[in-house]
Amino acid sequence: MSFDTVAPWYRALETIAFGNALQRARIACLNEIASRQRALVVGEGNGRFLRELLTRQPQIQVDCIDASERMLQLAQKRIGHDASRVNFLRRDISSWTPTAGQYDLIVTHFFLDCFSEDQLGEIVTKLSRAATGNAAWLLADFHVPAQAFARVHARAWLATMYWFFRNAAGIEAWELVDPAPFLRAEGFSLSSQHLSRHVMLKSELWWRS
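About the thresholds
- Residues numbered from 1 in each chain as written.
- Predicted model: local features only at pLDDT ≥ 70, side-chain atom pairs only at ≥ 80, totals over all residues.
- Heavy atoms only, no water.
- Helix = DSSP H or I, 4+ residues; strand = E, 2+ residues; numbered from the N terminus.
- Rg over C-alpha atoms; globule rule 2.2 N^0.38 Å.
- Buried < 20%, exposed > 50% of the residue type's maximum accessible area, 1.4 Å probe, protein only.
- Contact = heavy atoms within 4.5 Å.
- Areas by Shrake-Rupley, 256 points an atom, 1.4 Å probe, with all protein chains shown as cover.
- Lys, Arg positive; Asp, Glu negative; His and termini not counted.
- Charge placed at Lys NZ, Arg CZ, Asp CG, Glu CD.
- Core = buried A, V, L, I, M, F, W, Y, C linked by side-chain atoms within 4.5 Å.
- 1 Å grid on protein atoms, 1.4 Å probe; cavity = no way out; pocket = protein on both sides within 12 Å on 5 of 7 lines; lining within 4 Å.
- Points joined across faces, edges and corners; volume = space filled by probe spheres on them.
- Nonpolar A, V, L, I, M, F, W, Y, C, P; charged D, E, K, R; others polar.

A.B. asks: Can you lay out the overall build of the protein for me, pointing to particular residues and giving the numbers?
C.D. replies: Scanning the protein from terminus to terminus reveals seven helices and seven strands. Secondary structure elements of the protein, listed N to C terminal, follow the sequence α-α-β-α-β-α-β-β-α-β-α-α-β-β. In terms of C-alpha radius of gyration, the protein reaches 16 Å, essentially the compact-globule figure of 17 Å for 209 residues. With respect to the principal axes defined by its C-alpha atoms, the protein has extents near 45 × 35 × 30 Å. Out of the 209 residues belonging to the protein, those deemed buried represent 51%. Sequence-distant contacts, at least 24 apart, represent 70% of the contacts inside the protein between residues at least 6 apart. Taken as a whole, the protein presents about 9,900 Å² of accessible surface, with 52% of it coming from carbon and sulfur. Counting 23 positive and 21 negative side-chain charges, the protein places the centres of these two groups 5 Å from one another.

A.B. asks: Describe the nonpolar core, naming the residues involved and giving the relevant values.
C.D. replies: Ranked by internal contacts, the top residues of the largest apolar core, which has 49 residues, are F3, F18, L40, I93, L127, W137 and F142. With residues up to four places along the chain from it excluded, the contact list for L40 reads D63, I65, W96, Y103, L105, I106, V107 and L127. Listed in part, the 23 residues of the second largest apolar core include C29, L50, L53 and L138.

A.B. asks: Tell me about the layout of surface pockets, and please be specific about residues and values.
C.D. replies: There is about 730 Å³ of room inside the largest pocket. In this structure, the largest pocket is lined by 39 residues; those nearest its centre are F3, Y10, F110, C114 and F165. Elements with a minimum of two residues in the lining of the largest pocket: α1 (7-18), α2 (21-27), β2 (61-66) and α6 (148-168). Here the lining of the largest pocket gets seven residues from one element, more than from any other, and that element is α6. For the lining of the largest pocket, the class distribution of residues is 24 nonpolar, seven polar and eight charged. Approximately 310 Å³ is the volume attributed to the second largest pocket. Those elements that provide at least two residues to the lining of the second largest pocket are α6, α7 (180-185), β6 (188-196) and β7 (201-208).

Given below as structure tokens:
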């Protein structure tokens, strides 16, 4: 899986489809976490969230992991002088293993939806092992509403997006899988949730206690 092909046009595609709604979802819970020391940001993309994180958390050091070299280049360019606080690593999360217990913040925005259920369980377990005992986990992703019309609308959008990104970026997932059961199994509890864009987007803050 790599977003190198779509990286130059990703911002435009996002804006055409959702305006600024995805970015608002990324940062919705950001002010709800206390000061963090070290973050692991996985699948960051072009750096829009990363820039906000560095601004609002002036002491934080970040390891930014992405399988797309082009996305990492865009992220580094976007954050400018703050790049000294970020370690950019081109890694495939499926084969990369972080050091255990070193991050008090995990961030996976619009990333976990790229994986099948079996893959998702393995990735959440891997990232959880890298988290400290009091870590926060920020997650923004798509959401399938319970209401009939909104549910049909969301499923139609998701089917289109999965078809596109399976062909353009090589993701393996066919449908959206809820990561909540895997997070709970690793000792995380949902602290805050914001739903937006006709309940199709969710922003969540999870804490390990």
